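# Results of the structural survey
Here is how the chains run, residue by residue.
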Amino acid sequence: LDGAGRGWKRPSMGDLALVTCKRLDEGDGGDEEPRLVRLGAGDLHEALEKVITQRMSSRMRLLVRVREASEREREYEVSLLGWHKVVDLLGDRTAVMIAYWQHEGQTFFIPDASKVTVKVGDKTLEFIAGNGQIPRVVESLLCKTRLRYGQECSFKIAPHLLLDERVEEIELVMREDEEDKDEEEGSRRRFTFNMTFLNHTPPYLLETSERLAVANVRKAKGNDMYHAGDFVSALIWYDKAFAIVRHPKSFGEEEDQARQVWVACQLNRAACHLREKRYQDAIADCERVLELDGEKSNVKAHLRLAEAELELRNYDRAEMLLLEAQVVDSDNAAIKRLQGLVRRRKQVDLREEKQIYGKMLSNN
């Protein structure tokens, strides 16, 4: 009946849709008042919900005929005025965001490493997506769907998910309430607050100095995780830092600094792989560094590569790598310590082999 909004995004099951739904076969002739319904919750006929989510866009009006099991047909005039996007991050209602409907303006996804500006209460907050500067659950909800500039979002989050950085920035505007009681779990506490998405700058539009600062922050967080013994989290942060400096030449005058971060991330990844006993992965990271122009004599890469080869019992290869490193830095104590360890491990293996062969000969 009305093609307005054709081709635009459609609501999904779980969203809050503002609709009018009029029964034509009842002959009342009246216009039903718009109402807000949760799609998928049974507020509308199942067939009408499918039509709304699969065929309708905002400001569209359709004539829908529904054939019941009794072969009786019903006619509905359905109008979709708009909808509020509902994002349930974990699927258990512990972290929910409602992005209130806003018709005008382009929609955006927030890519990793973007500079994002939001408003919470009277405060304007600026953060880098993926740098852990706001609670992780809030950031994940924001980055889960497309948003428009100026779009207001309402959050409802369980307390145990709001334990990380910069919670103090939003805690003044948070209010505590209880959701409807659940038959199995009873009432559940939630913190609710509103946030307005103001604007964002994607990473490719940031200044090179800003991108470099983002990479260094992530590398530092990886170092903190490494020293705390959380090697899996450290790997994640090193990967996130590496993603920023993947192409050092794109940094122009700051190429050398970007290259240093690139090398550091690879070598730190290798260190994590060594602690996690993933020696082949450590070898791959070190070899990538040695293949880079100007890094063929990198002592740290030789050391970690030799350590991985040692654990794989490739003693000759480990000794050769350490000799190459010693040519560059003859007084390095770590090289000498590792050379001694290689010799001892090699001797132990030789003795064990002699014992095994000796037993085999004696049995024969």
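Below: a short report on this structure. Model, not experiment: these values are computed from the prediction.

For the rest of this paragraph, the subject is the nonpolar core. Membership of the largest hydrophobic core comes to 39 residues, with the highest contact counts inside it found for Val-245 and Leu-322. Among the secondary structure elements, those contributing two or more residues to this core are α3 (208-227), α4 (231-244), α5 (255-275), α6 (279-291), α7 (299-311), α8 (315-328) and α9 (333-363). At eight residues, α5 tops the list of elements feeding residues into this core. With 26 residues, the next largest nonpolar core counts Val-118, Val-137, Cys-153 and Ile-170 among its residues.

In this structure the tally under the stated criterion is 21 salt bridges. The shortest N-O distance in the salt bridge between Arg-345 and Glu-311 comes to 3.7 Å. In this pair, Arg-345 is assigned in helix α9 and Glu-311 in helix α7, connecting sequence segments 34 residues apart. Classification of Glu-311 by relative accessible area gives partly exposed; the value is 31%.

Residue Arg-93 is not a glycine yet carries a positive backbone phi of 65 degrees. In the Ramachandran plot, Lys-277 falls in the positive-phi region, its phi being about 65 degrees despite a non-glycine side chain. Relative to the helices and strands, Lys-277 is located in the loop between α5 and α6.

About the criteria used
- Residues numbered from 1 in each chain as written.
- Predicted model: local features only at pLDDT ≥ 70, side-chain atom pairs only at ≥ 80, totals over all residues.
- Heavy atoms only, no water.
- Core = buried A, V, L, I, M, F, W, Y, C linked by side-chain atoms within 4.5 Å.
- Buried < 20%, exposed > 50% of the residue type's maximum accessible area, 1.4 Å probe, protein only.
- Helix = DSSP H or I, 4+ residues; strand = E, 2+ residues; numbered from the N terminus.
- Salt bridge = Lys/Arg side-chain N within 4 Å of Asp/Glu carboxyl O.

As far as function goes, none of this settles anything; it's purely spatial.
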